[in-house]
Every structure is written in structure tokens, then in C-alpha cells.
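# Coordinates in review
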There are 2 protein chains.
Amino acid sequence: MATASTTPAALAEQHRTTLDAAVAAIHGRHFYTPYPESPSPKVYGQEAAPTGQAAFEGYLGADFPLDQPGTSDRIATERSPYGIKLDVRYPRTDTESLLAAARDALPSWRDAGPDGRAGVCLEILRRLNERSFEMAHAVQHTSGQAFVMAFQAGGTHAQDRGLEAVAYGYDMITSYAGTVRWEKPQRKGDPLVMDKRFRAVGRGTALLIGCNTFPTWNAYPGLFASLVTGNPVIVKPHPGAVLPLAITVAIAREVLAEAGLDPNTVLLATEHPEEKRAADLALRPEVRIVDFTGSTAFGDWLEANARQAFVNTEKAGVNAVVVDSTDAYRGMLDNLAFSLSLFSGQMCTTPQNIFVPRRGVDTDEGHKTPGEVSSDLAEAVSRLLEDPATATGVLGAIANEDILHRLEHAEKLGEAALRPHSVTHPEFADARVRTPAIVNVGRRTARDLRQGALRPGVVRDHHRRHPGLAAADARDHHRGRGAHRERVLHHRAGTGGSRADRDGGRGEPVREPHRAGVREPVGGVQRLPRHRRQPGGNRLTH
Amino acid sequence: MATASTTPAALAEQHRTTLDAAVAAIHGRHFYTPYPESPSPKVYGQEAAPTGQAAFEGYLGADFPLDQPGTSDRIATERSPYGIKLDVRYPRTDTESLLAAARDALPSWRDAGPDGRAGVCLEILRRLNERSFEMAHAVQHTSGQAFVMAFQAGGTHAQDRGLEAVAYGYDMITSYAGTVRWEKPQRKGDPLVMDKRFRAVGRGTALLIGCNTFPTWNAYPGLFASLVTGNPVIVKPHPGAVLPLAITVAIAREVLAEAGLDPNTVLLATEHPEEKRAADLALRPEVRIVDFTGSTAFGDWLEANARQAFVNTEKAGVNAVVVDSTDAYRGMLDNLAFSLSLFSGQMCTTPQNIFVPRRGVDTDEGHKTPGEVSSDLAEAVSRLLEDPATATGVLGAIANEDILHRLEHAEKLGEAALRPHSVTHPEFADARVRTPAIVNVGRRTARDLRQGALRPGVVRDHHRRHPGLAAADARDHHRGRGAHRERVLHHRAGTGGSRADRDGGRGEPVREPHRAGVREPVGGVQRLPRHRRQPGGNRLTH
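Residues numbered from 1 in each chain as written. Chains lettered and ligands numbered in written order. Predicted model: local features only at pLDDT ≥ 70, side-chain atom pairs only at ≥ 80, totals over all residues. Heavy atoms only, no water.

## Considerations on the overall build of chain A
Where we set the bar: Numbered from the N terminus, helices here are DSSP runs of H or I no shorter than four residues, and strands are runs of E no shorter than two. Working rule for contacts: check all heavy atoms of both residues, and any pair within 4.5 Å makes them a contact. All accessible-area figures derive from a Shrake-Rupley calculation using a 1.4 Å probe, and residue coverage is judged against the displayed protein chains alone.
Regarding its fold elements, chain A presents 19 helices and 17 strands. Once local pairs closer than 6 in sequence are excluded, the contacts in chain A between residues at least 24 apart make up 76%. Within the structure as shown, chain A displays about 20500 Å² of accessible surface, and the carbon and sulfur contribution to it stands at 50%.

## Considerations on the sheet that holds strand E7 (residues 233–236) of chain A
All names here are of chain A. Heads up, the rule is: Pairing between two strands is assigned when DSSP locates at least 2 bridges connecting them. Whenever a helix is involved, its axis is fitted only over the stretch in contact; in every case the axis is a line through C-alpha atoms, and angles between N-to-C directions fall within 0 to 180 degrees.
Here we have 5 strands laid out as an open sheet, ordered E8-E7-E6-E9-E10, and parallel in their pairing. Strands at the two margins of the open sheet, each flanked by one partner only, are strand E8 (266–268) and strand E10 (310–314). Each neighbouring strand pair of the sheet contributes to a mean axis angle of 15°, computed without reference to strand direction. Of the strands in this sheet, E7 and E8 touch helix H10 (residues 243–258), which is tilted by about 145° from E8.

## Examining the side chain of Thr-93 of chain B
Residues and elements named next belong to chain B. The criterion, for reference: For every residue, the accessible area (1.4 Å probe, protein chains only) is compared with the maximum for its type, and the residue is labelled buried under 20%, exposed over 50%, or partly exposed between those bounds.
Mapped onto the secondary structure, Thr-93 falls in strand E2 (residues 90–93). Judged by its relative accessible area of 1%, Thr-93 falls in the buried class. Residues within four places of Thr-93 in sequence aside, it is in contact with Gln-68, Pro-69, Gly-70, Thr-71, Ser-72, Leu-98, Leu-268 and Arg-277.

## Observations regarding the pairing of strand E10 (residues 310–314) of chain B
Residues and elements named next belong to chain B. How we decide: The definition of a right-handed crossover adopted here requires that, viewed with the strands pointing away, the path from the first strand over the helix to the second runs clockwise.
In terms of residue burial, E10 counts as a mostly covered element, since 5 of its 5 residues are buried. Neither face of E10 is left uncovered, since the one carrying Phe-310, Asn-312 and Glu-314 and the one carrying Val-311 and Thr-313 both have all their residues buried. Pairing of strand E9 (residues 287–293) with E10 involves 5 bridges; the strand directions are parallel. Paired with Phe-292 across the two strands is Thr-313, which belongs to E10. Handedness of the crossover joining E9 and E10 through helix H12 (residues 296–305): right-handed.

## Structural notes on unusual backbone geometry
Residue and element names in this part refer to chain A. Located in the positive-phi region is Asp-87, a residue other than glycine, with phi close to 50°. Here Asp-87 shows up in the loop between strand E1 (72–75) and strand E2 (90–93). Exposure remark for Asp-87: the relative accessible area of 27% places this residue in the partly exposed category. The backbone phi angle of Phe-343 is positive, close to 50°, even though this residue is not glycine.

## Details of the confidence of the model for chain A
For clarity, the threshold we go by: Values of pLDDT, which run from 0 to 100, indicate the predictor's confidence residue by residue.
In this model, chain A carries a mean pLDDT of 83, and residues with pLDDT of at least 70 account for 82%. Low pLDDT, under 50, characterises residues 451–533 of chain A; the stretch is placed with 252 contacts to residues that sit more than four places away or in other chains.

## Considering the pattern of salt bridges
All names here are of chain A. Here is the rule: In the sections that follow, a salt bridge refers to a side-chain nitrogen of Lys or Arg positioned within 4 Å of a carboxyl oxygen of Asp or Glu.
The tally for this structure, following the rule as stated, stands at 53 salt bridges over all chains. The partner of Arg-16 in a salt bridge is Asp-115, and the shortest N-O contact between them spans 2.7 Å. Of this pair, Arg-16 sits in helix H2 (residues 16–28) while Asp-115 sits in helix H6 (residues 113–130), and the two are 99 residues apart along the sequence. Taking relative accessible area as the criterion, Asp-115 reaches 30% and is therefore assigned partly exposed. Bridged by salt links that share partners, the residues Glu-123, Arg-126, Arg-127, Glu-130, Glu-254 and Glu-258 form one connected network.

## Regarding helix H5 (residues 95–111) of chain A
All names here are of chain A. As a reminder of what qualifies: Take the number of residues in a helix, subtract one, and multiply by 1.5 Å to get its expected span.
For H5, spanning 17 residues, the distance from its first C-alpha to its last is 25 Å, which sits close to the expected 24 Å at 1.5 Å a residue. The complete set of buried residues in H5 reads Ser-97, Leu-98, Leu-99, Ala-101, Ala-102, Ala-105, Leu-106, Pro-107, Trp-109 and Arg-110. Within two residues after H5, Gly-113 carries a phi angle of roughly 75°, on the positive side.

## Some words on helix H7 (residues 132–143) of chain B
Residues and elements named next belong to chain B. Relative to the 16 Å expected for 12 residues at 1.5 Å per residue, H7 spans 15 Å between its end C-alpha atoms, a close match to the ideal helical length. Extensive coverage of H7 is indicated by the burial of 12 of its 12 residues. Looking at H7, one finds that the buried residues are Ser-132, Phe-133, Glu-134, Met-135, Ala-136, His-137, Ala-138, Val-139, Gln-140, His-141, Thr-142 and Ser-143. Next to the buried residues of H7 lie helix H3 (41–44), helix H4 (48–59), helix H6 (113–130), helix H8 (147–174), helix H9 (220–228) and helix H10 (243–258).

## Considerations on the environment of Asp-94 of chain B
All names here are of chain B. Let me state the cut-off plainly: Each polar contact in these results corresponds to two N or O atoms within 3.5 Å; when the atoms are within protein, one needs to be able to donate a hydrogen and the other to accept it, and residues that are neighboring in sequence are counted only if both atoms are side-chain atoms.
When you line up the elements, Asp-94 lands in the loop between E2 and helix H5 (95–111). Expressed as a C-alpha distance, the spacing of Asp-94 and Pro-69, which sit 25 residues apart in the sequence, is 9.2 Å. If we skip the residues at most four places from it in the chain, Asp-94 touches Gly-70, Thr-71 and Arg-277. Polar side-chain contacts of Asp-94 include one of 2.6 Å to the side chain of Ser-97.

## A word on the packing of H6 of chain A against H10 of chain A
Residue and element names in this part refer to chain A. Selection criterion: Here is the rule for angles: anything less than 35 degrees is roughly parallel, anything more than 145 is roughly antiparallel, 65 through 115 is roughly perpendicular, and the remaining ranges are oblique. Handedness of a crossing is defined here by the sense of rotation of the near helix relative to the far one, left-handed for an anticlockwise turn of less than a right angle and right-handed for a clockwise turn. Asp, Glu, Lys and Arg are counted as charged, while Ala, Val, Leu, Ile, Met, Phe, Trp, Tyr, Cys and Pro are counted as nonpolar; the rest, among them Gly, fall into the polar class.
Contact geometry for H6 and H10: axes closest at 9 Å, N-to-C directions at 130°. Put simply, H6 runs oblique to H10. Of the two possible hands of crossing, H6 and H10 adopt the one that is right-handed. Side by side, H6 and H10 meet where Val-120, Glu-123, Ile-124, Arg-127 and Leu-128 of the first sit next to Thr-248, Ile-251, Ala-252, Glu-254, Val-255, Leu-256 and Glu-258 of the second. Of the residues that constitute the contact of H6 with H10, the class distribution is 7 nonpolar, 1 polar and 4 charged.

## Section: the packing of aromatic side chains
Stated formally: A pair of Phe, Tyr and Trp rings is counted when the ring centres sit within 6.5 Å of each other, with Trp represented by its six-membered ring. The angle between the planes then sorts it: under 30 degrees is stacked, over 60 is edge-to-face, the rest tilted. Two limits define a charge over a ring: the Lys NZ or Arg CZ must be within 6 Å of the ring centre, and within 35 degrees of the ring normal.
Counted under the stated rule, the structure contains 28 aromatic pairs over all chains. Judged by centre distance (5.9 Å) and plane angle (85°), the rings of Tyr-44 of chain A and Phe-133 of chain A are edge-to-face. Pair noted here: Tyr-44 of chain A is in helix H3 (residues 41–44) and Phe-133 of chain A is in helix H7 (residues 132–143), with a separation of 89 residues, a long-range link. Each of the two residues, Tyr-44 of chain A as well as Phe-133 of chain A, counts as buried. Here the aromatic residues Tyr-44, Phe-133, Phe-147 and Phe-151 of chain A are joined through ring pairs into a cluster of three or more. Positioned above the aromatic ring of Phe-198 of chain B is the side chain of Arg-29 of chain A, whose terminal nitrogen or guanidinium carbon lies 3.9 Å from the ring centre. Between the NZ or CZ atom of Arg-161 of chain B and the centre of the ring of Trp-217 of chain B, over which it lies, the distance is 3.4 Å.

## A short note on the sheet that holds E10 of chain B
Residue and element names in this part refer to chain B. Spatially, 5 strands are ordered E8-E7-E6-E9-E10 in an open sheet, and the strand pairing comes out parallel. The open sheet has two edge strands with one neighbour each: strand E8 (266–268) and E10. Averaged over all pairs of adjacent strands, the angle between strand axes in this sheet comes to 15°, irrespective of strand direction. Contacts from H5 reach strand E6 (205–209), strand E7 (233–236), E8 and E9, with the element oriented near 170° to E8.

## Some details on the packing of helix H8 (residues 147–174) of chain A against helix H9 (residues 220–228) of chain A
Packed helix pairs are characterised by how far apart their axes lie and by the angle those axes make with each other. Residue and element names in this part refer to chain A. At their nearest, the axes of H8 and H9 sit 8 Å apart, and the two run at 30° to each other. Considering the angle they form, H8 stands roughly parallel to H9. Read as a crossing pair, H8 and H9 show a hand that is right-handed. Two secondary-structure elements touch here, H8 through Ala-158, Gln-159, Arg-161, Gly-162, Ala-165, Val-166, Gly-169, Tyr-170 and Ile-173 and H9 through Tyr-220, Pro-221, Phe-224, Ala-225 and Val-228. Of the residues in the contact of H8 with H9, the class split is 10 nonpolar, 3 polar and 1 charged.

## Details of the environment of Val-201 of chain A
Residues and elements named next belong to chain A. Here Val-201 is to be found in strand E5 (residues 201–202). On the basis of relative accessible area, Val-201 is assigned to the buried category, the value being 11%. Sequence spacing of Val-201 and Arg-110 is 91 residues, and the spatial spacing of their C-alpha atoms is 7.9 Å.

## With respect to the environment of Ala-241 of chain A
All names here are of chain A. In this structure, Ala-241 sits in the loop between E7 and H10. Ala-241 gets classed as buried once you look at its relative accessible area, which sits at 0%. In this view, Ala-241 contacts Glu-78, Thr-142, Cys-211, Asn-212 and Pro-215; residues no more than four positions away in its chain are not counted.

Structure below.
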């Protein structure tokens, strides 16, 4: 039951300063966060780390504590890339119960209003932040991220994204008057007067489909955008990364219940890996919003088939970098090496294809041939990953079998500049850790790479749409000779895009790199998700 | 060529006050317009009316002056419901030329920026306003609206809607910073600093598909929303109502050229009536936005098939009114009579079905049986339309053959409370003017009416979705007896909607009635278009 301090209105009041600051930040586009990204005891206190670890360990080999309506058997589907046994058993609630519970939760959640909903969302985020160490372990042992990265990308940065979504949705609703005495002057006599009331109406039940590599980071924008705009959410995690979202759902349900609201406003839909539950749920007429992160194939399928819903997809990215010149050769190499290595290249911002003109590049250390750039980069990667503790901290572990397979076969693509090898994790003996591969390929192979998957990150035939690559192609063409192409990064690639604009195509601007990690990776050309919009706007009907 | 005072920047400066006021009005939801709705010489000057009439007459039997690229033959497809000969001959530009011209216009229009584009849009609207008399004749003789209504709904109120779209689109782009020095504090050392630039990117060529009854009123929101957000527009008018949009396109091209921009940012796509050109254009990959007003069937088709585009449809509305009680019986009857008669019921807000409980209704003039309400309403309509000059001023003329046919067969549906008849227009001898029909039907027929078209306004099986009707059904059901149902309005129908909310369905709130006309029609339950959103937001990619 709600006490005086846990009602939606009270929570809104408690978090007013944070909410106002977040709304100001989205308009000003400046940095803002109430969630410190450092896992230091000086920031989170001496007890936070052991408490978080204990909480995580408490889940292992046990029934996950989640009380949901409907028939429930228990399933355990996760496997740690670090080799420890997880066996967390989650309830599996049947679809009809989930949909009915979400439907029944809608009116009270709607009636909480934008301020009440924002207050509840910010309280959920506050508790998530408080439990960032617990979350870091959960994200580490499902995604394979290293601990510090999991703390940041899975914890505080994901919280940032949730807060950003709350700010956009709240601002979208409240920046237009809710009531007005509308007066229209008449040429003769009194004005026409109407008292008008406006209410932003949610769309209905939202389905959130999580992914394995960034289970919370990619989920929170959709989750919190749906919530703040009045839509109950069914959270369907990837079967390999349930725990981070199960903890999230449990916290959300706890806050909702304490606020006197229906906890079924947020529900967990687990699945057996072979079940394809996301597809079943996404086609249900009750589902009016779908948020998805994952493969291009399933994302395309959702867009084509979940026609009753507003569908947002974040699909596979293909990142290319063109090395043209640099006045900081060593820094560039170090930065590229870090970008190639971080989380074993499983980030959506990892560059896959690096282009170097056959003529070579000018640097502050003199002219470098493509071969020199390639071997210098290989050396920078080796230097970065020399120490196993550092290496495992950067690389994390690999959850996906396909990626291991691709790494093993990378050399078939061309001349190896750097061969991948296993690294023994100092803490987890069975962790699957691999260093990256760098392969030199000529023009012809570069073209072939557009057709198929190469290694961490999916290489598809989207290449031709990328302004950066288009520019590289054009340069070759105009010079009338082939360019030697290698896999090396460029400091400021992809500022172009004029061709896409001219064609009336979608702009695909360079996105600020994802900042999980110890240093800032450099930018690259990135494919933005097809349906990326400001959270909030389309979660409402006007 | 642009002179100093006609550059996009200069136009933005000239219209800054209007733009700021319009942006304030969308946020405050209060009334605002710079376009006076009265066609009085005291407002527009003595010369405005004769100048406008002369301009309209100058188009008749002549080639419409429009210079577009590509092969052009001339076609004349319009017929005045007032019986005068139009024979305005428009260029018919081939599809490839239209699409190529729009594509080539994109970069300069994009580069004009939000301020420059808003300035150009507001100058187009200013000139449209200046030529409201000319536009009134054009709208009158294509849609069938009476002159004053055509002046308002086709002229000044359409301009209001264009301005509103400019305000929403401009505000959506400019309320987030375009550049920022982003600084992220670090625990040790200097903050991370990034200089960021953001640019809202248009989607690409927009297709605007106009309708016959409100050729400008329904077109300007889409037209101006696309323009201000940086998208060139191909305007495809209804073949029966080309002139209002041809004038609009000509004015837009004139302003663009004077501003030194590519006039092909706005293009006219005329068609032979049998050509189905809208469908062809809507499926072209170059077309990224479609705005449509018209039949439910074609709207549904566009939504299902024009998958490459962001599709907005405004489809047929079905309006029902429940008469429960009133403390102003005479006023209610007069207002209902006006609503039924205005523009011969061809407005999207016209009520088609009026429900009166079998027990009758309580009024300030005593209890009234359903039969009394019906005959009193018939009398109010007859009174309103007694004088032919008044009658034709309210009714306008009927453009659509189907509506004449339905009127002639209305009596087959039940007991006639009011029979339609022809009215001789004092000015246009061959005008097709008819008074409305009122038919009393029982419960059974009322149910049947949901299945088929009745008269002005399309009655389809959407009824069950309407909160107002759902409430009426529920009331009957709970009382365990049938209600007598008639076609009478209710002062405040449709405030419900809780069932739709509970189901997680789309809310279908009562919309403020369309205010074209001399008086304010009362509200009714109205089906909102499926894809009605704030202009601007979805015309951009983020």
C-alpha cells in the first residue's frame, strides 16, 4: 500500500529537481546525469560492492523472486560467458495472463498522470542506480561484458538512457496546455468561449524485446518511454540475458505496489530459447507498441508484420572508417585499437571495415603506406592487450557462438595482420576470451565483405548506403585506379551524407560514440536504427 | 532572383512576430490567427472582392499559368456544382519529371534551414490570405461550398491550419539545441569536451493527396508540415477540385523563386479522373511521406501498401449524437438543424445518426417524446432553410453524385420526418441544391445502418467503436428494453471513452467541431483519423 511518501504525487515531488534538470538537458543537449558512472567506494560507499555481489550470488541456482499472475512454470536459460553456473529459475507466465494483467493495469497507470508516472519512473531509476553493483554482475554474466563496463553500460549509462526517455516523454506531454479557456474574438458581440481539456492518451500495452549484448542499455529507452506516456510494458528478455531485466521488472513492480498502483504495469515474459515468444506476442492485437533490439532479419520481420503496433527497431549496425590523414598517428592507433577490442567488438559502434587509400596516409610521423598502417594498428592492439588483466577488462567474454566461429575463420578472408588468440581470465578460468583479428583485404574482397558476415558486428549489404563508404568509392572512381583497403579507423569519418540527402534518402549521421568504457572510442559511420525517434511522441495518440 | 527583402532569412525576419505568436498558441492551445475570417470590405478593403472575382474568372476557359519541368499536356477535369462552365486547363506533368524535380529541389530547400523555411511558408500563407476572395471562388465552384463558407473554410481557416503546421514543425526542430559544447566532468582531470552539431533531416519527397469537399483545408496541414521540416511536396489534387491547390502551388512557386530557391520544391500533379495517379505516386520509392484525405477504402490501401513512406490518412468519419436531456431545447434544435444543413452534411463533423431514448427526453420546455423531438427538429430545419438565399448560403451545392442518389433514397430507410427538396439558387440557376432528409428508424434499422452508407458522410461498421454509441447500447441493455432511436443531436455527446481506454485501444476523443460557418455547430462523437499526429515530428528522421 502507498504511504504518504510513496504516492505517485509524492514521488514526483521528490524527483522534481532531477526531472527538471533532465528536461533542460534534452533541450540544451548538454551532459547531465544523477547516476555516477564510477564504481568507486568513494562514490557508492564501502558496502555497495559486497552487497551487490551478494545479491547477485543469491540469485544463482534459485527461484527468482517475482510474483506475477497466471500459471507459471520455472525456466532457466542463461549461461555465463565467464563459465560460472547460473541456473537462475524464472517464472514463465502464459501469454493470456500477461496480456490480461497488462490490460487491467492500464487505467490506474493512465490515471496517475504524467507527473505521477514520471515520479514512479524516476523512483524505479533511483533504486536501479542504488543496485548498480548487483546489476553489473547480472549484466557481466549474461552479456559477457567486463565488470566495469557492465557497471557503466549495464548500470549507470542505461539509467541515463531511461531518464532521457522519461524526460522526452514527460516533456512531450506537458509542453502543451492540458486545459484552456479558449476565446475567439467576434467582429460583433462577445467572444466565443470554450473550456477545453486535453489528455494525452497512451497507445496500449507495449512489448519490449531485449537483446543479449546490452540487455538494459538497449531496453531502458523503450521501457521508460512507454511507461511515462501511460503504457503498460511486457518485458521479453533475450533467453541468454534474463537476469538484468528480471531485476529491473522486480524493482519496477516493487515501486508500483508501494505507490498504490498495479504492479502488473510492468511484467516479465520469459521463454524457452526455441519458443519464438517475441514473434507471438508482437502479433497480438492487444500489443500496440513494440521496441526491439537485435538482428536485422527479425527487426525487418517485425516492421512488416506487427502492423497493429508502433514498431521501433534497433537493428545490426555496420560501421566503416576511412583513414585519410591524421596529426596524431599514435593516438589514432591507440584509439582504434581500443575501439576494435572493447567488448570483443560486440558493440553496435564497433568499426568492422577500415579503408585506407592505396596511396597511403599523411601523419605527424610521416607518410604511412597501407601496410604500415595495418601493422602499426596490429601492434597497437597487441600492446593494449598485452597484460591479461587489462585484456580481459577490455575484451570481456564472448557469449555468442557465431562470433567465435567467425573469429576462427577470419584468416580465410585475406592476409592476417593480427591473429586472434585466447586469453586466460585471471578470475574465471572457463571464460571465453579472444583477441581481435585484423585482416588485410584488397578492393575485390572489400566488395565481397558487404555481402556477408565477417566477425563481431554483422557485415551486410548496407554498405552502399553509408556516406563514408560512398565517399571512399567515389574517391577511387575519380582517380581511375583501385585503392588498397584495410581495416583501419579514421578520426572523423562520415561527416558526409550529401548524397543521401540529395537522393531524398534518410540521413545517416555520425552518432556520438557509445561511451561505455574507460576511454572514449573515436567516431565512425554508423547505421542508425530505422525507426529511431524521440521517445514519447509516438507512444501517444493525439 | 532573390532581392534583399525576399531571401529566406529576410522573410523569416518579416514574419517573426507571427511565427512566435503561433508557437505560443500551440503550446497554450489558445486561439490565434493573423488571417481575419470575415470577408468584409472593412477588413480586406473595397477592392479585394472584385479583384478576387476577376482573378477567378480569368482562369475560366484558359490555360492555368504554371511553369513546371517535364512534358505537359493540358487537362480540364472540374465541373462546378453551381452549374457554371469552368474548363480551366492545367498542365499534366509526367511522373518521372515530377519526382526528379522534387529530388533536385531538396538540397536548397533543406539548406534554407528551419528559420528560412518557416519564413518562406509564412510568406506563402500571407499571399494566400491576400488572395482569399480568389480562393473562395475557386473553392466554391469545385467543392460546392457556399461563398462565405468557402472564404472561411477554404481560405482563412485553411491558412490557420497551415500556420499551425508551420508552428508545430518549426517548434519541433528548434526546441532542441542545434549546437552544443558538450562537457562531461571526469573524476580526475579535465572534463571530456565535444563540440556537437545536430541537424534535423527531412524524410524526402512528400505526396499530398487532396480531396473534393475541402481541397485546401485538408491539404494545408500536410503541405506546410512537410515544407517547414524540409521536404519537397508533390501536390495531387482531386480531379474535381484542382483550382484551389493549383493557385496554392502557383503562389508557393512564386515565393520560392523570389527567395532564390528552387520553385520545384512544390509541384502540381494533375490527373485524368480514371488515372489513379495517387496510387502510382504513393508507391514510388522516392516518395517518403504521404498525406491523404478521402475514402476509408483508399486510406486503408495506402496504409497497407505505401510501406516506404510515412503515411497520414484522414478517412471517413461517422458521427453519432445521443440526446439525453437539455435545458435549452429551442437552442439545441436550432443548432442541430444548422449542423445537419451546413454544406449539405458533407462536412466530416456532420452528425449522421442521432439517438433518442424511447422514454423521451427532459427539456426546459417539458418532456418530449422521440416523435416530438424528431418533428421539432424537422421544423427547425425547415425554418432555417425557409428563405432560399439563406438556404443556399447554408447548404451550398452538392458536388458528389452519390450523395444526390442517397438523398433520393433516404425514405426507404424508415418513416420520413423531413423530405429533401431542391432549392433554386438565386444566383446560379443550374446549382444542385438539396435540403436534408430526416428519417425515423427503430432499433433494428439503426443496427443495419452501421453496415452501409446512408447519406452525406459514410456510415460504416465503425459504430461499435464509438464510446457514445457504446454508451447508448449499454443503457438499452441494462434497462432490458429497446430504445427508440432517431436522428437527433445531443449537446455534449461522447465525453466517454473509458472502455476504449480500458481495452488499451485508441482513445477517440470528441474533437472540437470544425468551425467553418456562421455559427458554432455543436459537438459530436467523431472518428479521429488513424494517423493524426502533430505535424513535424514524423516528417523528420532523428
